[in-house]
Amino acid sequence: MEQLLAQIEQLKKEIAESAVTDAPSLEAFRIRFLGTKGIVKNLMGEMKNVANEKKREFGQIMNEFKQFAESHFEQWKEQLEAGSAAAGPSIDNTLPGDNLPLGSRHPISLMRNHIISIFQRLGFAVAEGPEIEDDFHNFTALNLPEHHPARDMQDTFYIQQNPDWLLRTHTSNIQIREMEKGELPLRIICPGRVYRNETISARSHCFFHQVEGLYIDENVSFADLKQTLYYFVQEMYGKDVKVRFRPSYFPFTEPSAEMDISCQICGGSGCAICKKTGWLEILGCGMVHPNVLQNCGIDPNKYTGFAFGMGIERPALLKYGITDIRLFSENDVRFLRQFTAAT
Ligand code: PHE
């Protein structure tokens, strides 16, 4: 009994002198003193060896010792909890970060940016405009008065008949809006989404993307138009590309032309893509019609200009070897992921 009491005194001294400052040592203390095989339990087990008349006294001393150990444990625990709450949630700065997968640009955006960058080098500025447009900016100002049969060239989604709202059929509406501002000379490139009421198939869709361009100044000629577009296709398809202009008709340009390039798939010898002609049609163009200038408050006797418009889907199909235009809008990540490395 004397020996046991001395041992308890010794242990109390040890507890009183120790400082527990972290969770692992608190847990070690709990296991050593208060655990199922801990010191308190063991000492309690000594009860059977204590003489009967001393059992009561020993029991009291043991209870005290147990409370002494438990109160120290509780105290340290509270201190630790208060300390970690004050320090905020524990953050391990050495852990590796969350791995965010790198996104990819959509092929239409890649092609649009490529086209824009070529014209920017020639001093064209990017201009944008509304996709929901009024009749005037999409048609009438472009020399396409109401009931003009040429409106049938662009089958249109009308939103409301009065006032006449529609989904723009081309980005020429931007050109009208820019001309209306009256700041000349004007040299703009107009990218954007356009809508036409067409049956969806592998080759056509009810919405697609365009880049149109406009240059207005004094003495702008058809030679400027040809040279600008020739520079563009050389930058886009390489120096060996051949071009040809075919007479065409657009109500907003006079004269008007379609520009073809030598087929980039077969090199001009004829294949399925170019329908055995050796040529691919890539854009429409022409000299801005005097009526259009006048509709926008520009004096056609002083100023002339050229305009052109091209789709983005077709050159993207060619560049990336894609065979179905619907892939561009289905958002299938297996398709989109392939453009991660493209620039
Ligand atoms: N706006 C025409 C279209 O979408 C393209 C074009 C623009 C043609 C400018 C000539 C000049 O069909």
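Conventions and cut-offs
- The residue count restarts for each chain, going from 1 along the sequence in the order it is written.
- Whole-chain, interface and lining totals are the exception, using all residues; otherwise, since this is a predicted model, local features are given only for residues with pLDDT of at least 70 and side-chain atom pairs are given and counted only at 80 or more.
- With hydrogens and water set aside, each side-chain value is computed from the structure's full complement of heavy atoms.
- Helix and strand definitions follow DSSP, with helices as H or I runs of at least four residues and strands as E runs of at least two, each counted in order from the N terminus.
- Radius of gyration here uses only the C-alpha atoms, and the compact-globule reference equals 2.2 Å multiplied by the residue count raised to the power 0.38.
- To sort residues, take the accessible area from a 1.4 Å probe on protein chains only and compare it with the maximum for the residue type: under 20% means buried, over 50% means exposed, and anything in between is partly exposed.
- Throughout, a contact is declared for two residues whenever any of their heavy atoms are within 4.5 Å.
- This count recognises Lys and Arg as positive and Asp and Glu as negative, with His and chain-terminal groups excluded.
- Here the site of a charge means NZ on Lys, CZ on Arg, CG on Asp, or CD on Glu.
- Any carboxyl oxygen of Asp or Glu that lies within 4 Å of a side-chain nitrogen of Lys or Arg is treated as forming a salt bridge with it.
- For patch detection, residues must exceed 30% relative accessible area and be free of salt bridges, and they are connected within 9 Å for like charges or within 5 Å for nonpolar side chains (Val, Leu, Ile, Met, Phe, Trp, Tyr).
- For every accessible area listed, the method is Shrake-Rupley and the probe measures 1.4 Å; residues are considered covered only by the protein chains on display.
- A fitted line through C-alpha atoms serves as each axis, taken over the contacting stretch for helices, and the angle formed by two N-to-C directions is quoted from 0 to 180°.
- The scheme is simple: roughly parallel for angles under 35 degrees, roughly antiparallel for over 145, roughly perpendicular for 65 to 115, oblique for anything else.
- Left-handed describes a crossing in which the near helix is turned anticlockwise from the far one by less than a right angle; the clockwise case is right-handed.
- Any residue outside Ala, Val, Leu, Ile, Met, Phe, Trp, Tyr, Cys, Pro, Asp, Glu, Lys and Arg is labelled polar, Gly included; the first ten of those are nonpolar and the last four are charged.
- At least two DSSP bridges between two strands are required for those strands to pair.
- By convention in these notes, a residue is near a molecule or strand provided one of its non-hydrogen atoms lies within 4 Å of it.
- Polar contact criterion, stated in full: a pair of N or O atoms within 3.5 Å, where within protein one must be able to donate a hydrogen and the other to accept it, and residues adjacent in sequence count only if both atoms are side-chain atoms.

### A word on the overall build of the protein
Next, step 1: Summing up its helical and strand segments, the protein has 12 helices and 10 strands in all.
Next, step 2: In terms of C-alpha radius of gyration, the protein reaches 41 Å, well past the compact-globule figure of 20 Å for 343 residues.
Next, step 3: Seen along its three principal axes, the alpha-carbon backbone of the protein occupies a region of about 125 × 50 × 35 Å.
Next, step 4: Taking all 343 residues of the protein together, the buried fraction comes to 40%.
Next, step 5: Pairs at least 24 residues apart make up 66% of the contacts formed inside the protein by residues separated by at least 6 positions.
Next, step 6: Within the protein, one finds 36 positive and 44 negative side-chain charges whose respective centroids are separated by 7 Å.

### Description of the pattern of salt bridges
Next, step 1: In the structure shown here, the tally under the stated rule is 15 salt bridges.
Next, step 2: Note that Arg244 is salt-bridged to Asp260, the shortest N-O span being 2.8 Å. Taken together, the positions of Arg244 in strand E7 (residues 243–250) and Asp260 in strand E8 (residues 253–262) put the pair 16 residues apart, joining distant regions of the chain.
Next, step 3: Measuring nitrogen to oxygen at the nearest pair gives 2.7 Å for the salt bridge that ties Asp332 to Arg334.
Next, step 4: We classify Asp332 as partly exposed; its relative accessible area is 24%.
Next, step 5: Relative accessible area serves as the criterion here: at 60%, Arg334 is assigned to the exposed category.

### Quick word on a nonpolar patch on the surface
Next, step 1: A contiguous nonpolar surface patch, about 280 Å² in accessible area, is contributed by Ile132, Ile159 and Trp165.
Next, step 2: Counting through the fold element by element, Ile159 comes out in strand E3 (residues 158–160).

### Considering the packing of helix H5 (residues 107–121) against helix H8 (residues 222–237)
A pair of packed helices is characterised by two quantities: the angle between their axes and the separation of those axes.
Next, step 1: At a minimum axis separation of 10 Å, H5 and H8 run at an interaxial angle of 130°. Between H5 and H8, the angle is such that the two are oblique. In this structure, H5 crosses over H8, and the sense of that crossing is right-handed. Here Met111, His114, Ile115, Ile118, Phe119 and Arg121 of H5 lie close against H8, whose contacting residues are Thr228, Leu229, Tyr231, Phe232, Glu235 and Met236.
Next, step 2: Of the residues contributing to the contact of H5 with H8, the split by class is eight nonpolar, two polar and two charged.

### Describing the sheet that holds strand E2 (residues 132–134)
Next, step 1: Here three strands make up an open sheet; going across it, the order is E2-E4-E3 and the pairing antiparallel. Edge positions in the open sheet fall to E2 and E3, since each of these has one partner strand only. With strand direction ignored, the average angle separating the axes of adjacent strands in the sheet is 35°.
Next, step 2: Examined bridge by bridge, E2 and strand E4 (residues 165–167) share three bridges and lie antiparallel to one another. Pairing of Asp134 across the sheet is with Trp165, part of E4.

### Some points on the site of the ligand
Next, step 1: In the vicinity of the ligand lie 14 residues, with His170, Ser172, Arg196, Gln210 and Glu212 positioned nearest.
Next, step 2: Side-chain polar atom of Arg196 to an oxygen atom of the ligand: 2.9 Å apart, as the coordinates give it.
Next, step 3: Between Gln210 and the ligand, the recorded distance is 2.8 Å, taken from a side-chain N or O atom to an oxygen atom.
Next, step 4: Summarising the interface, the protein chains cover 92% of the accessible area of the ligand, which totals 320 Å² for the free molecule.
Next, step 5: Of all the elements in the fold, those that place two or more residues in the shell around the ligand are strand E6 (207–217), strand E9 (279–288) and strand E10 (304–311).
Next, step 6: With three residues, the single largest contributor to the shell around the ligand is E10.
Next, step 7: Grouping the constituent residues of the shell around the ligand by class yields five nonpolar, seven polar and two charged.

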